[in-house]
Amino acid sequence: MPTVDLNADLGESFGVWRLGDDEAMLDVITSANVACGFHAGDPAGLITTCRAAAERGVRIGAQVSYRDLAGFGRRFVDADPRDLTADVIYQIGALQAIAKAAGTRVSYVKPHGALYHSLLSNHAQARAVAEAVHTVDPELPVLSLYGSVFFAEAHRLGLRTVPEAFADRAYRPDGKLLDRKLRGALLHDEAEIAERVAMMVTTGRVVAVDGSTIPITVESICVHGDTAGAVAIAYAVRDRLRREGVELAAFT
């Protein structure tokens, strides 16, 4: 039976500010991209999320970002590559300690927000992040869009790459995501999203914003934990995939 991973961004609450429903999402996803404190998350909340993931057998990934807590990591930072490498090493190491305390481990790395998008084409930053992951643990897989320069740098170092697709985001004709600031960038209709994901997984194609059908390579599907109705979307995606004979399973 074919399988695909379902991931979500979790651990993004901070103090009294609550974002998303980690407990509910962990009941359906197979991999959790856990914040590392640079764009979101506080230590107490992160260890709670890691413990809940461990109880359910959900894999944990370090969701590394720019040092941008005020901007939720969604603002580009022209970081010196050496500083960026150090920041990513720091973030992975912090989450590794928290995961260990929670009885689990960090199984992969996924960049967040503006850093994720920078690594699609910024060679210097892509190299810096890939080198950070390799320095910490060369066995850690990395997630990104297929064809990114981040994957090219990861391959150069022998890192495993896992191409992902986004359930709740619109695609441009060139295969990149439509900017969040633009109308139609975020999708909310559960049934529509579930059908799009089924098409991605079973045919390797997705409909872009201009109506064209473009190729897509996917081993993991992302549902953003802060999207309105994220839990319902995740369940709709899971149920639709099951009807296609596709089961959810972690890639690690």
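Residues numbered from 1 in each chain as written. Predicted model: local features only at pLDDT ≥ 70, side-chain atom pairs only at ≥ 80, totals over all residues. Heavy atoms only, no water.

(A) Representation of the environment of Gly61 within the structure. Counting through the fold element by element, Gly61 comes out in strand E3 (residues 59-64). Aside from chain neighbours lying at most four places away, what touches Gly61 is Ala32, Asn33, Val34, Leu95 and Tyr108. (Helix = DSSP H or I, 4+ residues; strand = E, 2+ residues; numbered from the N terminus. Contact = heavy atoms within 4.5 Å.)

(B) Quick peek at the packing of helix H3 (residues 81-101) against helix H5 (residues 123-136). In contact at an axis separation of 8 Å, H3 and H5 are set at 40 degrees when each is read in the N-to-C sense. The two elements H3 and H5 cross, and the hand of that crossing is right-handed. Mapping the contact onto sequence places Pro81, Leu84, Thr85, Val88, Ile89, Ile92 and Gln96 in H3 and Ala124, Gln125, Ala128, Val129, Ala132, Val133, Thr135 and Val136 in H5. The residue inventory of the contact of H3 with H5, partitioned by class, reads 11 nonpolar, four polar and no charged. (Axes fitted to C-alpha atoms, helices over the stretch in contact; angles between N-to-C directions. Left-handed = near helix turned anticlockwise from the far one by under 90°. Nonpolar A, V, L, I, M, F, W, Y, C, P; charged D, E, K, R; others polar.)

(C) The arrangement of the pattern of salt bridges in detail. Applying the stated criterion across every chain, the model contains 17 salt bridges. Among the salt bridges present, the one from Arg156 reaches Glu153, with a minimum N-O distance of 2.9 Å. You can see Arg156 and its partner Glu153 sitting in helix H6 (residues 149-156), three residues apart, about one turn around the helix. Taking the relative accessible area as the measure of exposure, Glu153 reaches 7% and is therefore buried. Where Asp239 meets Arg238, a salt bridge forms, and the shortest distance between an N and an O atom there is 3.1 Å. Each member of the salt-bridge network shares a partner with another, and the members are Arg127, Glu131, Glu153 and Arg156. (Salt bridge = Lys/Arg side-chain N within 4 Å of Asp/Glu carboxyl O. Buried < 20%, exposed > 50% of the residue type's maximum accessible area, 1.4 Å probe, protein only.)

(D) Molecular detail of H6. All buried positions along H6 are accounted for by Val149, Phe150, Phe151, Glu153 and Ala154. In this structure, the buried side of H6 is in contact with strand E4 (106-111), H5, strand E5 (142-144) and strand E6 (161-166). In the stretch just after H6, Gly158 is the one whose phi turns positive, near 85 degrees.

(E) Broad picture of a nonpolar patch on the surface. On the surface, a cluster of nonpolar side chains totalling about 300 Å² of accessible area is made up of Phe14, Trp17 and Leu69. Looking at the element boundaries, Leu69 is found in the loop between E3 and H3. What makes Leu69 partly exposed here is its relative accessible area of 41%. (Patch = residues over 30% accessible without salt bridge, like charges linked within 9 Å, V, L, I, M, F, W, Y side chains within 5 Å. Areas by Shrake-Rupley, 256 points an atom, 1.4 Å probe, with all protein chains shown as cover.)

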